[in-house]
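# Coordinate inspection notes
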Amino acid sequence: MTTGSASDFRQRLHTLGLSDSVIEAVWPRWWSEGADESASARAELRFGVARRLGMDPSSLLDDRDEPRFLWPSQARFKHLSGESDTERAGISAFGRAVAKPLLNATPLPDIPRVDPISARDLREMLLGIGTSPFVTLGDLLALCWGIGVPVGYLRVFPWPQKRMAAMTVRLGDRWVVLLARDSRYPAPIAFWLAHEIAHIFLAHIQSEEVIVDLDRPGPDLLGDDEEESAADAFALELLTGQPQPTVVADAASAAPSASGLAQEVASRGPGLGIEPGTLALCYAFTTGEWEIANGALKVLYPPEPAAWSEINRLAVDQLRIDELPEESRHFLDAVFAHEVS
Ligand SMILES: [Zn+2]
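Conventions and cut-offs
- Residues numbered from 1 in each chain as written.
- Predicted model: local features only at pLDDT ≥ 70, side-chain atom pairs only at ≥ 80, totals over all residues.
- Heavy atoms only, no water.
- Helix = DSSP H or I, 4+ residues; strand = E, 2+ residues; numbered from the N terminus.
- Buried < 20%, exposed > 50% of the residue type's maximum accessible area, 1.4 Å probe, protein only.
- Contact = heavy atoms within 4.5 Å.
- Lys, Arg positive; Asp, Glu negative; His and termini not counted.
- Charge placed at Lys NZ, Arg CZ, Asp CG, Glu CD.
- Donors = N, O, S within 2.8 Å, 3.2 Å for Na, K, Ca; no water.
- Axes fitted to C-alpha atoms, helices over the stretch in contact; angles between N-to-C directions.
- Parallel < 35°, antiparallel > 145°, perpendicular 65-115°, else oblique.
- Left-handed = near helix turned anticlockwise from the far one by under 90°.
- Nonpolar A, V, L, I, M, F, W, Y, C, P; charged D, E, K, R; others polar.
- Pairing = 2+ DSSP bridges.
- Core = buried A, V, L, I, M, F, W, Y, C linked by side-chain atoms within 4.5 Å.
- Phe/Tyr/Trp six-rings, centres within 6.5 Å; stacked < 30°, edge-to-face > 60°.
- Lys NZ or Arg CZ within 6 Å of the ring centre and 35° of its normal.

## Quick look at the overall build of the protein
Scanning the protein for helices and strands turns up 14 helices and 5 strands. Projecting the C-alpha coordinates of the protein onto the three principal axes gives extents of approximately 75 × 45 × 40 Å. Scored against the burial criterion, the 341 residues of the protein give a buried share of 53%. A separation threshold of at least 6 residues defines the contact pool for the protein, and within that pool the share at least 24 residues apart is 70%. Looking at the protein, you have 30 positive and 49 negative side-chain charges, and the mean spots of the two groups are 3 Å apart.

Below is the structure:
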């Protein structure tokens, strides 16, 4: 067996195509240059990195071996566009590797079971509990944490190219949602979180399985993938009250602009029971005017804090971080770019 220096090992991970940020995040804090002298430290380094990347440790111990990800077959990818087998295996394995410590630090609620419920009933329930006239990203997050489903926003991704919107990992009878959709604003992230909640409540995910939703501009209600159409319709009904909301400009109004749309959705949204940013996205979904809708989001929301940082701040509040080993705490800290330890 050839177990070379740490820099050789780092180079192997690079050659596989892994991003600098993920290599940094999975590298143990205890490592120092002096540790290279010790064969057991070099092995321990590889075991730790393998665990945090979801790789087969034996494939990392010998430098002549091809590094392999674990569990490549138990992941289903939605809306693939040319991702290689290794890229897919890396995404799902990393998702599981992050999900495990997250679940270990998430208190089990009194009623951990997720009973089937319609989008309409779930919406009524959230509107009954919340203080807004519409369902917000905050309501969805509270729902998830309330049923023992941790939600985090990945700031580190295995590959330099990130084309994932969200994924849900099921371990035993529990779920973890990891969000990745690039957006500073709550509405697009709320759509993807609602979509993942739909996968959970519609029982789309078998035990030990991962569903990875690759990014796409908007809902796909008429596509070939029935699970995806069902999850999109569930998400839209949860957020808007209708599984296929149609939002167009008044025939009499001037050509829509970002600021005009922002004004319109801000004044009409509450009366319709739809969060204004979500209403702007429904307009884009109906008309294809994504640029105008994205411009409206910029007007509607303050520039700070970014939605992802709020999601991870809440995660830090909810997690029982002290129950995790130090290396897991540092790992989550790096992955969520938030001081969890
Ligand atoms: Zn999906």
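## Brief notes about the coordination of the zinc ion
Protein coordination at the zinc ion comes from His195 (NE2), His199 (NE2), Asp213 (OD), Asp213 (OD) and Glu228 (OE), with a distance range of 2.0 to 2.6 Å. Look at where the donors of the zinc ion fall in the sequence and you get H-x3-H-x13-D-x14-E. Of this pair, aspartate 213 sits in strand S5 (residues 210–214) while glutamate 228 sits in helix H9 (residues 226–240), placing them 15 residues apart in sequence. Glutamate 228 shares its class with aspartate 213; the two are buried.

## Focus: the packing of helix H10 (residues 258–272) against helix H11 (residues 276–287)
Where H10 contacts H11, the axes come no closer than 8 Å and their chain directions differ by 115 degrees. In this view, H10 runs roughly perpendicular relative to H11, as classed from their interaxial angle. As for how H10 packs across H11, the hand of that crossing is right-handed. Across the interface between the two elements, Leu261, Val265, Ala266, Arg268, Gly269 and Leu272 of H10 pack against Pro276, Leu279, Ala280 and Tyr283 of H11. Of the residues that constitute the contact of H10 with H11, the class distribution is 8 nonpolar, 1 polar and 1 charged.

## Quick look at the pairing of S5
When you tally the buried positions in S5, you get 5 out of 5 residues, the bulk of the element. Pairing of strand S3 (residues 164–171) with S5 involves 5 bridges; the strand directions are antiparallel. Bridge pairing links alanine 166 to aspartate 213 in S5.

## A short note on the nonpolar core
In this structure, Val98, Leu140 and Leu193 are the most contacted members of the largest nonpolar core, which totals 95 residues. Looking at this core, the element that brings in the most residues is helix H8 (residues 186–201), giving 10 residues. Among all residues touching leucine 193, those that are not within four sequence positions of it are Leu137, Leu140, Leu141, Cys144, Val151, Val177 and Leu179. Core analysis: the next-biggest nonpolar cluster, separate from the first, contains 18 residues, Val247, Leu261, Val265 and Leu297 among them.

## Overview of the packing of aromatic side chains
Applying the stated criterion across every chain, the model contains 7 aromatic pairs. The ring of tryptophan 27 carries arginine 10 above its face, with NZ or CZ at 4.2 Å from the centroid. The residue whose ring lies beneath arginine 155 is tryptophan 308, and the NZ or CZ to ring-centre distance is 3.6 Å.

So far we have only geometry, and geometry alone does not tell us how the molecule works.
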